[in-house]
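Descriptive analysis of the structure
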Amino acid sequence: MDLGAQYAAIGAEIREAVTGVMASQQFVLGRQGAALEEEIAALCGVRHGIGLASGTDALILALRAVGVAAGDEVILPPFTFVATGSAVSALGAQPVFADIDPATFNLTATTISQRITSRTRAIIVVHLYGLAADMDAIREVAARRKIPVVEDNAQAIGATYKGRPTGALGDAACISFYPTKNLGAYGDAGMIVTNSGEMDARLRTLRNHGQASRYDSVEPGWNSRLDEIQAAILRVKLRYLKEWERRRRLHAAQYSKLLSGVTQVTTPHIPEHCEHVFHQYTIRVVRRDELQKFLTDRKIGNAVYYPIPLHLQRIYAGLGHRTGSFPNAEQAAAEVVSLPMFPELREEQIERVAKTIAEFYGR
Ligand SMILES: Cc1ncc(COP(=O)(O)O)c(C=O)c1O
């Protein structure tokens, strides 16, 4: 991705926003953060937004707010960024992996229900690459057992499922504003969005040393507060998000059209009821590693998200999983590659990428 192109377009507005914060001399939990919380909650169609220091903190605090404690089990996909799992581990809880659907790369109600036990305390659903998981079916399974659902919405802000935005599809949703995300800060930042007033109040306490009011700490908390400079930058970028996501979808459609004749490539599946925001444009291919080298040699950016599923990472060696434990996640990890994707991408760049891939398989 090329963040420089974006900065070239909106740099003046960003600098003005940053200067405004400097002039206000209010740097943590101020007016910008409060306004951003309202705007992101509105975008997600929920009542509350709680600004935090990162998406990882959002996961840790959301899990805690839905009641996860040491020794509990939390279900999550193994095909995700490690933060989804390490948030569970940070609370002393046990990650319980459930396999993904090969078509969408996301958890399904069926794979989740196979992993529910009497100790399951929460389910984290990741909307990977910018595509919502099948939340109605998942919510139904969770509701039957009264298990809270936390959305890991780090990659899918702005995506929709049956007309409803991600972020409004679970009990709480976690957003990352890491710089490369579709809505990225100029440093770390994150947010939880929720409809629950009770969770909102608790999270505001937890993010600030467990203080219900100044110097009155009611439970052990963190310092995970949103910084005003990041909030001000995000508010500028938020004005462009819809248009950027429209362009991402156009680029994705162009890639998929150009690659449709290459039989070794499977382009992203978009369920009819979903609006994908293409945080990544990720294809499945044969001879993936060779293709990567071919692209890299021709200076075409490409990356694998994620080459090692969580159950095979050293951090989780103690859980006793092995190759074959979650075959769909393992196959995805072996076959996926993400292509250049950012709003400012030009048609001829997409053509060149697609042509190079076709050339690789035509040889
Ligand atoms: C799926 C997923 N979950 C969690 C995170 C963690 O977010 P952050 O980097 O803001 O802590 C990320 C991004 O980095 C992510 O992609």
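Our structure is the block above this text.
The text that follows walks through the structure, step by step, so that each part is easy to find. From a predicted model like this one, the values you see are computed outputs, not experimental measurements. (Residues numbered from 1 in each chain as written. Predicted model: local features only at pLDDT ≥ 70, side-chain atom pairs only at ≥ 80, totals over all residues. Heavy atoms only, no water.)

**Quick word on the packing of aromatic side chains**
The line we're drawing: Any two of the Phe, Tyr and Trp rings considered here, Trp counted by its six-membered ring, make a pair once their centres fall within 6.5 Å; the pair's planes then place it as stacked at under 30 degrees, edge-to-face at over 60, or tilted in between. Numbered from the N terminus, helices here are DSSP runs of H or I no shorter than four residues, and strands are runs of E no shorter than two. The buried label applies to any residue whose accessible area, calculated with a 1.4 Å probe on protein chains only, is under 20% of its type's maximum; exposed applies above 50%, and partly exposed to all values in between.
Counted according to the given criterion, the structure contains 13 aromatic pairs. Here the aromatic rings of F97 and F326 are separated by 6.2 Å at their centres, their planes lie at 75°, and the arrangement is edge-to-face. Of the two residues, F97 is situated in strand β3 (residues 94-97) and F326 in the loop between α10 (288-297) and α11 (327-335); the sequence distance between them amounts to 229 residues. The pair F97 / F326 is uniform in exposure class, with both members buried. For the pair F105 and Y129, a centre-to-centre distance of 5.3 Å together with 75° between the ring planes defines the contact as edge-to-face. Of the two residues, F105 is situated in the loop between β3 and α5 (109-113) and Y129 in the loop between β4 (120-126) and α6 (135-144); the sequence distance between them amounts to 24 residues. For F105, a relative accessible area of 9% translates into the label buried. Ring pairing ties together the aromatic residues F79, F105 and Y129, which thus form one cluster.

**Here's the deal with the sheet that holds strand β7 (residues 164-165)**
To keep things clear, this is the line we draw: The pairing criterion for strands is at least two bridges between them, as found by DSSP.
In space, the three strands of this open sheet follow the order β7-β6-β13, with antiparallel pairing throughout. Edge strands, defined here as strands with exactly one partner in the open sheet, are β7 and β13 (274-275). As paired elements, strand β6 (residues 160-161) and β7 share two bridges and run antiparallel to each other. Within β7, the position partnered with T160 by the bridge is P165.

**Some words on the sheet that holds strand β8 (residues 172-176)**
So the rule is basically this: An axis is simply a line fitted to the C-alpha atoms; with a helix, the fit covers only the stretch in contact. Between two such axes, the angle follows the N-to-C directions and lies from 0 to 180 degrees. By the convention used here, residues are in contact when the closest approach between their heavy atoms is within 4.5 Å.
Sheet architecture is open: seven strands sit in the order β1-β9-β8-β5-β4-β2-β3, paired in mixed fashion. Strands with a single pairing partner mark the edges of an open sheet, and in this sheet they are β1 (48-52) and β3. Neighbour to neighbour, the strand axes of the sheet diverge by 25° on average, direction disregarded. Two elements, strand β5 (residues 149-152) and β8, share three bridges in a ladder whose sense is parallel. Across the sheet, the residue bridging to V150 is A172, located in β8. Against the sheet, helix α4 (residues 82-90) touches β2 (73-76), β3, β4 and β5, its axis set at about 145° to β3.

**Regarding the site of the ligand**
Cut-off, in case you're wondering: One heavy atom within 4 Å of a molecule or strand is enough for the residue carrying it to be called near that molecule or strand. We define a polar contact as two N or O atoms separated by no more than 3.5 Å, with the added condition that, inside protein, one atom must be a possible hydrogen donor and the other a possible acceptor, whereas residues neighbouring each other in sequence contribute only through side-chain atom pairs. Method remark: on a 1 Å grid restricted to protein atoms, a set of points is classed as a cavity if a 1.4 Å probe fits but cannot get out and as a pocket if it is open with protein on both sides within 12 Å along at least five of seven lines; lining residues have an atom within 4 Å of a point. Criterion for pocket placement: a molecule counts as inside a cavity or pocket if more than half of its atoms are within 2 Å of its grid points. Put simply, Ala, Val, Leu, Ile, Met, Phe, Trp, Tyr, Cys and Pro go in the nonpolar bin, Asp, Glu, Lys and Arg in the charged bin, and everything else, Gly too, in the polar bin.
Around the ligand there are 15 residues in total, and G55, T56, D152, S176 and K181 lie nearest to it. The side chain of T56 places a nitrogen or oxygen atom 2.5 Å from an oxygen atom of the ligand. S176 places a polar side-chain atom, nitrogen or oxygen, 2.7 Å from an oxygen atom of the ligand. Comparing atom positions with the cavity grids shows the ligand to sit within the largest pocket. For the shell around the ligand, the secondary-structure elements that each account for two or more residues are α3 (55-65) and α4. The element that contributes the greatest number of residues to the shell around the ligand is α3, accounting for three residues. Considering only residue class, the shell around the ligand consists of six nonpolar, seven polar and two charged.

**Side note on the layout of surface pockets**
Sizing a probe to match a water molecule and rolling it over the atoms shows the empty space that remains. To be explicit about the condition: Grid points are joined across faces, edges and corners, and a volume is the space filled by probe spheres set on the points.
Approximately 610 Å³ is the volume found for the largest pocket. Elements with a minimum of two residues in the lining of the largest pocket: α3, α4 and β15 (336-339). It is α3 that provides the largest number of residues to the lining of the largest pocket, a total of three residues. The class makeup of the residues in the lining of the largest pocket is 15 nonpolar, 13 polar and four charged. A volume near 170 Å³ is recorded for the second largest pocket. Residue lining of the second largest pocket: E13, E16, A17, G20, V21, Q32, A232, R235, V236 and R239, and that is the complete set. Counting residues per element, the lining of the second largest pocket draws most heavily on helix α1 (residues 3-24), which supplies five residues. Grouping the amino acids of the lining of the second largest pocket by side-chain chemistry returns four nonpolar, two polar and four charged.

In short, geometric facts, not functional conclusions.
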